[in-house]
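Topology and contacts: notes
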Amino acid sequence: MYKKDLYGKTIRKKIVFHGGFYMFGLIIALISGALMSIQGVFNTEVTKQSSTWTTSAFVQATGFLACLLIWLIAERDQSFTMLLKVSPRYLLLGGVIGAAITFTVIKSVASLGPAQSAMLIVASQSVVSYLIEVFGLFGVEKTAFAWVKLLGVVLFVTGLIIFKWKS
């Protein structure tokens with residue numbers, strides 16, 4: 001589990017260290033995707049009994065209350081004044097983007113159904129996330145373009161077309 005580096009400093013083996021974080025990230029990403037799909041269906045069904053913006057406001061308000069409660073329990077020592085130091089300021093638009101996400105997911109699930117809308121959402125996330133990485137946007141570390149990743153996106157989109165194909 002531990003070894004010495006070139007300078008004699010004790011370090012953890014990188015395979016164990018990174019592998020553990022990779023597995024954690026993989027599990028969390030899978031849970032996130034599942035929760036997004038479930039939330040999209042829940043919100044669409046609530047919208048059928050109310051309205052889009054009523055549902056969106058309720059979702060954002062209950063999300064805020066949940067975050068506030070978790071903050072009180074787990075991070076009370078961290079002050080909200082830290083947000084005043086965030087730079088660039090546009091990074092604070094996450095809540096506005098969250099409202100837009102809630103609205104667009106509700107509308108896409110209502111129009112396309114849960115499976116097709118989820119696949120298109122994930123395809124869009126994949127393309128945009130890759131572009132953010134390649135161009136180093138929003139403070140993300142820039143990565144080199146890789147043809148194999150582009151091929152992966154093309155295959156993913158091809159899979160969407162096959163999934164939608166009517167026999």
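Above this note sits the structure.
Report on the accompanying structure. The structure presented is a predicted model; accordingly, all values stated were derived computationally and were not measured.

Of the regular secondary structure elements, the chain holds five helices and two strands. Traced from its N-terminal end to its C-terminal end, the chain shows the element sequence β-β-α-α-α-α-α. Split into buried and exposed, the 167 residues of the chain put 14% on the buried side. Restricting the contact set of the chain to residue pairs at least 6 apart, pairs at least 24 apart contribute 46%. For the chain, the exposed area adds up to about 13100 Å²; of that, 73% sits on carbon and sulfur atoms.

Below, the discussion takes up the packing of helix H2 (residues 52-74) against helix H3 (residues 94-112). The geometry of H2 relative to H3 is characterised by a closest axis approach of 10 Å and an angle of 135° between their N-to-C directions. The pairing of H2 with H3 is recorded here as oblique in orientation. In the crossing of H2 with H3, the sense of the turn from one axis to the other is right-handed. In contact with Thr 52, Trp 53, Thr 55, Ser 56, Val 59 and Gln 60 of H2, H3 contributes Gly 95, Gly 98, Ala 99, Thr 102, Phe 103, Ile 106 and Lys 107. Partitioned by chemical class, the residues of the contact of H2 with H3 number five nonpolar, seven polar and one charged.

The tally for this structure, following the rule as stated, stands at five aromatic pairs. Between the aromatic rings of Trp 71 and Phe 80, the centroid separation amounts to 4.8 Å while the plane-to-plane angle is 50°, which identifies the pairing as tilted. Among the aromatic side chains, those forming a connected cluster through ring pairs are Tyr 130, Phe 145 and Trp 147.

We now examine unusual backbone geometry. In this chain, Ser 87 is followed by Pro 88 through a cis amide linkage whose omega measures -5°. Assignment of secondary structure puts Pro 88 in the loop between H2 and H3.

Here helix H4 (residues 114-135) is 22 residues long and its end C-alpha atoms lie 31 Å apart, about the 32 Å a rise of 1.5 Å per residue gives. Buried residues of H4: Gln 116, Ser 117, Ala 123, Tyr 130, Ile 132 and Val 134, and no others. Where H4 is buried, its residues touch H3 and helix H5 (147-164). Among the residues trailing H4, Gly 136 stands out with phi positive, at a value near 60°.

Across all of its chains, the model carries one salt bridge by this definition. The closest approach of N and O atoms between Glu 45 and Lys 48, which form a salt bridge, is 3.0 Å. Placement of both Glu 45 and Lys 48 in helix H1 (residues 14-49) is noted, with a separation of three residues, approximately one turn of the helix. Using a relative accessible area of 38% as the deciding quantity, one classes Glu 45 as partly exposed.

Right, let's get into the side chain of Thr 44. Among the structural elements, Thr 44 can be located in helix H1. Separated by 2.7 Å, the side chain of Thr 44 and the backbone oxygen of Gly 40 make a polar contact. At a separation of 3.4 Å, a polar atom in the side chain of Thr 44 contacts the main-chain carbonyl oxygen of Ile 106. Once residues lying within four places of it in the same chain are set aside, the contact partners of Thr 44 are Val 105, Ile 106, Val 109 and Ala 110.

Between its first and last C-alpha atoms H2 spans 32 Å; for 23 residues at 1.5 Å apiece the expected length is 33 Å, and the two agree. Among all positions in H2, only Thr 52, Thr 55, Ser 56 and Val 59 are buried.

Right, let's get into the packing of H3 against H4. Where H3 meets H4, the axes come as close as 7 Å, and the angle between the chain directions of the two elements is 130°. If you check the angle between H3 and H4, you find them oblique. Crossing handedness for the pair H3 and H4: right-handed. On H4, the residues that touch Val 105, Ser 108, Val 109 and Leu 112 of H3 are Pro 114, Gln 116, Ser 117, Leu 120 and Ile 121. Class assignment for the residues of the contact of H3 with H4 results in six nonpolar, three polar and no charged.

What counts, and where the lines are drawn
Residues numbered from 1 in each chain as written. Predicted model: local features only at pLDDT ≥ 70, side-chain atom pairs only at ≥ 80, totals over all residues. Heavy atoms only, no water. Helix = DSSP H or I, 4+ residues; strand = E, 2+ residues; numbered from the N terminus. Buried < 20%, exposed > 50% of the residue type's maximum accessible area, 1.4 Å probe, protein only. Contact = heavy atoms within 4.5 Å. Areas by Shrake-Rupley, 256 points an atom, 1.4 Å probe, with all protein chains shown as cover. Axes fitted to C-alpha atoms, helices over the stretch in contact; angles between N-to-C directions. Parallel < 35°, antiparallel > 145°, perpendicular 65-115°, else oblique. Left-handed = near helix turned anticlockwise from the far one by under 90°. Nonpolar A, V, L, I, M, F, W, Y, C, P; charged D, E, K, R; others polar. Phe/Tyr/Trp six-rings, centres within 6.5 Å; stacked < 30°, edge-to-face > 60°. Expected span 1.5 Å × (residues − 1). Salt bridge = Lys/Arg side-chain N within 4 Å of Asp/Glu carboxyl O. Polar contact = N/O pair within 3.5 Å; in protein donor to acceptor, adjacent residues only side chain to side chain.

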